Every structure is written in structure tokens, then in C-alpha cells.
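# Per-entry structural report
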Amino acid sequence: MAADTSQKVLFEQDGVFIHSNSNDDCIEQDLLISGSIRVVDKDGEFLVEYRPLEDSVDPSNMLCAGKDSSSVMEWGQSAEERPHQGLETQHSYETEWDMVNAVSFKKKTFSNGDGALNHSQERYRWAFTFSVTDLRTITVKVDSWSSLFFKLKDTSISLPLLYFHQGGASEFLDSLRRCAMLSESPEDESCLLVSTVNKTLSQSFENLLDDNNFGLVHKLKKDPYVTTLGGFSKVTNYLYDAFRGAEEQQRPPEETADLLGEVIPGLEINHQEEPGFEVITRVDLGVRPDVQRGEPLSPEQWGGHQDPEGRVVNVPHLKQVIFKGGLCHVLRKEVWKFLLGYFPWDSTLEERKAVTRDKTDEYFRMKLQWKSVSEEQERRNSKLRDNRSLIEKDVNRTDRTNRFYEGIDNPGLVLLHDILMTYCMYDFDLGYVQGMSDLLSPLLFVMENEVDAFWCFVSFMDQMHQNFEEQMQGMKTQLVQLSSLLRLLDLNFWNYLESQDSGFLYFCFRWLLIRFKRELSFPDVLRLWEVMWTGLPCQNLHLLVCCSILDSEKQKIMEENYGFNEILKHVNELSMKLDIEEILRKAEAICLQIKGCKDLPHSVSDIMGFNTYEDAAEAPRSEGTEPVKRSHSPSPSPSHRGLAFSNGHGHLRESSQNGCKVSFVS
């Protein structure tokens, strides 16, 4: 099949005007050029296009509603004068409100064909197209209308000022932020500096999720956009190389972190030293215990944990069995609904049937909302168009090697698409962000039911929500927490990573973002997720899974003296080569080792949730692994005492992360 070279429209807005020869006091008649602006993706190149409409607007020909508008005149007639209408064609009372903003236009007439030709030439004189990579600045002004002025890198080209009479300027800028970085000029707050050095690295999460089988360095140089689809480690690798000078002089780690933080908002690391830290002596973690994994929960065991009315009994023991061995696949469809909170543990069978009926009705009401949107309505709803475009793109490449999703016109893909579109109706603020299809795919595979999969996905997204929010606060917090755990477990290894400019642990980004979905085989993903959903043996088990993997790889990394690029490449190549049972065994052992420490820093106890469990004296939460709900920030409290570890050399170092003062004796 030939490659599709058609343009993809990412944003479109009508009612964008050029005021030729305009000034602030008045607009001369016949000088208003009406048109539409678009942002399009053409073979990977992002273009901004402005096209005048077929008939430019003459202010003298603008007619207010009711002057000669047929719809308004019809409502002005008496009941006897109006023609009879069937019920299906009658207007609702909202029509009267709609007509308040009705405006009609009279077309300009010309005395001869030459006039029409000249008019057409005049219109197309105002059309322009430019690549986002050629854009230097955007000046934003808000008066009667929002207006934008584009300044290109080629100063010999001058573009007209665009007025957004019908709104949409903010949405236009948001669409540009998907393919470029817009930052406020320090000299002029109304001026946005446009940077595309990273090409489209900031375009949602698409950069983090696709794999490729070509040479990393060669592909990065040839096409950094495509290559970054291999994972965030490759994004970091590309950026790191791009930020090094021609003479291979590396920037300081602090400066590299700042630049990376521009690409991914909210990931800045504070490197400024602060006074007032508390020095803590070296923490002795003791011997790491040896733990064993168990067998999956059997159907017989599951049946033994239900009373005659269907209530699940002895839930703590049941969760312990699931944590130790997972579930037999035949049980996942039923048990996952409890683990994710779709069904309460103490609900009866009849109560669960009632929940299913109610949730089914609610789901299809939301599904009908986007199903009933007409093409004309969607043309005026840029967010819905963007969500649909991203979903269609992601669905067509999600787990296509899995039999449940393989082939053309696969019904599983249709369900995947419909559930994600319906989620946009459930969470309007978040909508769809690339990467969410990876979280839904295993749920739909297990449930084999559209409604059940949707509500399980809703519960999972309640835990994962901060990973996909624009400021990515959840990702920032998790990376800081993971760094704290690594320092505690092996300060020498963490120091080595820092010496190779890898102390920010950005190579773990994809692991955390979609919970190892791209690192493990499909069956292993199912096993890992159900184990994490038990909430055992602590909060944030996924961070200990990261520690477990790195603990197994640290010797090779240090013995081979891997540098920045080698570490990224090595971690990326671990995908599909990991033993989930060994990882979980070591993660549990690390948890027990940390929990057994007598002088455990308070902040680490908070990360692991030990204080919560002990103070509340209640069973671990069943609905996931996040330390807090997304309604409040998961950042460690600034009041927590700092962490300090000694390797015996007596050199004191201090850092501050996320508001927590941390001092190290190295």
C-alpha cells in the first residue's frame, strides 16, 4: 500500500479576519478579509495555513438578525401567517436564543467579469502558509478581539495581523504547543518565543510509546521525531546530544535538567543548595530477606471466599494470596472488578447485578453524547476532533500482535475506540492523552465486555490520572520518590548514575507512565497489574519494581562503565526480556528490608505508606498503588525531615528536591 501523504488537520478556525489598512479607531469598509486558519500535519511537517473565504466581508453589507433573516422573519409572523410545521421540524425555545447572534451577509456584486477576477486576485493575495519550524515569535494582543502577529525567522517576509472575531486564538496556540514550545519572552509578556529544536518531542505522549528496530544513533540524527517514539529514554538521548556543543563540550547537569524540564513541564529539579539541613547518620538497612512467590489463586479458593449471598469474605487473606501468586486467568474477569473498585467487596450478587444495570445505562448515555454529534457540530468542536484523531491513531497501533486486536476491521479495535471516546465524555477536562490506550487494552482483553472494561478503566485512570495531566505532577513526584529510594538502597549506584548525568532517572519515565506496559509481555503485564492492585505489601509498589529492575542491572552498568547514552540504550533494550516473577520477588524483599530498618527516614516511610498503615491500623487499600488521590498533590511534605546517607568518606553534599531538603554524606 502506498504511503498516505494526505494532510491531517490538527486545528481549524473560521472567522479569522485581516484588517487591511486598519487602525485602532476604525475599520474602513471593504477592507475586512474573512478567512480560516488551520494547523496541519503534512508528512510529519507542521504547517500553518490561512485562506480567505470565497466572499470577503464588507461591513456595509452586514445585516443584524431580524433585518432580512428568513428564520427571524418567520418567528415574527403571526401563527396564521406561518406555514404549518410538523412536530419533527418545530424549533425548540432555544432557537429564539440562537437567533440573537444570527448574522447574514450580502455578496458583493461586480459590474463585469474583470471585477470578479480582480476581487479573486485580491482575496488570494492575503493567503499564506508557513512551517512551524520557520516561526520565530507570536505576539498576542487582546482588545475587542484577540489578535496574533506572526514573525518568521526570515525577516524579509511580513505577515498580516490576524483578528479572531469568533474566538479560538487560545485554542490555536494550544494546538501549536503540540508541535512546538511556546515560552513567554522575558522582555515582553505579550510575545511568545517559538522553539522547535526538539521538533515535536512535546507532542503529547506519542513520543514515549512506540518501539522501532533501527539503529538508535543513526535514526536520531536522521529523524529524531520518529526515533523518539521508541521511548522517553530516546527522547532524553536525543535532547542530550542536541544540547551538547559542536566540540562535544557537555553542559552542566543543572543546565541539561532545565532544558529537559522545558520539554516536559513540571520535571524541573532544584539544584540550589539551601541552609538548615539535618544531617542523618548512615542508615543500616540490614540483610535483605529471602522471599518466595506463591501459586495463582484458584477457582476453588475464590469460591471459598464467598458467602451464600455472594459477599467476599476474609478479604485481607484473599489479597495476600493474589499478591503472592496472582490469579488464574479464568478468574480475572470477575476478580479484577473487585480489585479496581468497580464492585464493593461486601456486595451481594444481587447488588452487583443492580450496579451493572445502572452502570450500563450510564455508559450508553455518555456514548450517545458523542455518537449523536453531527459532522457540522464536530467541525466547530476542536477538542472533540483532536480527541478523535488521537484515539483513531493510537487504536490502530495498540497491541496489534495480540490475537484479540490483530487483523483488519477487528471488532476489538472498534470497542477500544468507542470506550476511549466515551471516556472523553466522562472526563471532559482530561479527554484523551496518548498512552491511555495502553492502559485500556489489557482491561478490554480480560473483560471482553464494553461496559465492564469502561468502568474498570475509569477506576484505573483514577489512580493514573496525574500521569496524564498537562503539568505531569504525578510523573515529577514519582521520579523524585524513586530517586529517594535508590539513594537509600544503594548510594554508590545512585552516585554513579549522577556522575553520568543520569541521576534524574528519566530513563524510567515510560516504566512509570504506563506501568511497564511496554516493558513486559502481555501475560506478565496482567500478572503485574493485579498484584499491584492489591495494595500490598506497601504503597507505590511500582517504585519498588523499578528498584528491583535497576538492582539487577546495576552491576553490569557500573562494571561496563556505561555512560549517559549507554545507560539509556541498555535500559531501553530490557523491554520483553524481564522475568516478572523474579522482579516481584525482589521488590517484595526490598520492601521488607526497608520496613525492617529501625532508623528509616520519615519521608521514605511516607513514600512506602508505612506511617499511614500503622497510624490508621487498617488494611492496605485495594484500589491501587498511588499514595494519594489525584485531588491533592502527592508531593512529599516540606516538613518531612531530610535524607542523608553516608558511604564512609565523610563528604557532605546537599540537594533539595520537591521542597524536601536532603543532605548526603558522601
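The structure reproduced in this document is the subject of the present report. (Residues numbered from 1 in each chain as written. Predicted model: local features only at pLDDT ≥ 70, side-chain atom pairs only at ≥ 80, totals over all residues. Heavy atoms only, no water.)

For the coordinates displayed, the defined rule picks out 26 aromatic pairs. Taking 6.1 Å as the distance between ring centres and 40° as the angle between the ring planes, the aromatic pair formed by Phe 164 and Phe 172 counts as tilted. By relative accessible area, which is 2% here, Phe 164 ends up buried. Classification of Phe 172 by relative accessible area gives buried; the value is 0%. Here Phe 460 and Trp 533 contribute two aromatic rings whose centre-to-centre distance is 5.3 Å and whose plane-to-plane angle is 80°, an arrangement assigned as edge-to-face. (Phe/Tyr/Trp six-rings, centres within 6.5 Å; stacked < 30°, edge-to-face > 60°. Buried < 20%, exposed > 50% of the residue type's maximum accessible area, 1.4 Å probe, protein only.)

Before going further, it helps to spend a moment on the nonpolar core. Grouped together as the largest cluster of nonpolar side chains are 121 residues, with contacts concentrated most on Phe 468, Leu 544 and Ile 594. The greatest single-element share of this core, amounting to 11 residues, is contributed by helix 17 (residues 450-468). (Core = buried A, V, L, I, M, F, W, Y, C linked by side-chain atoms within 4.5 Å. Helix = DSSP H or I, 4+ residues; strand = E, 2+ residues; numbered from the N terminus.)

Our next topic: the environment of Asp 346. Looking at where Asp 346 falls in the secondary structure, it is placed in the loop between helix 11 (329-339) and helix 12 (349-371). Between the C-alpha atoms of Asp 346 and Gly 310, which are 36 residues apart in sequence, the distance is 8.4 Å. Setting aside residues up to four positions removed in sequence, Asp 346 forms contacts with Arg 311 and Glu 351. (Contact = heavy atoms within 4.5 Å.)

There is a patch of like negative charges on the surface, built from Asp 43, Glu 45, Asp 134 and Asp 154. Following the sequence through the fold, Asp 154 ends up in the loop between strand 8 (146-152) and strand 9 (162-164). (Patch = residues over 30% accessible without salt bridge, like charges linked within 9 Å, V, L, I, M, F, W, Y side chains within 5 Å. Areas by Shrake-Rupley, 256 points an atom, 1.4 Å probe, with all protein chains shown as cover. Salt bridge = Lys/Arg side-chain N within 4 Å of Asp/Glu carboxyl O. Lys, Arg positive; Asp, Glu negative; His and termini not counted. Charge placed at Lys NZ, Arg CZ, Asp CG, Glu CD.)

A separate point is helix 19 (residues 491-499). The set of residues buried in helix 19 consists of Leu 491, Phe 493, Trp 494, Asn 495, Tyr 496 and Leu 497. Backbone nitrogen of Asn 492 and a side-chain oxygen of the N-cap are separated by 3.2 Å at the start of helix 19; the cap is Asp 490. Of the residues trailing helix 19, Asp 501 is marked for its positive phi of about 60°. (Polar contact = N/O pair within 3.5 Å; in protein donor to acceptor, adjacent residues only side chain to side chain.)

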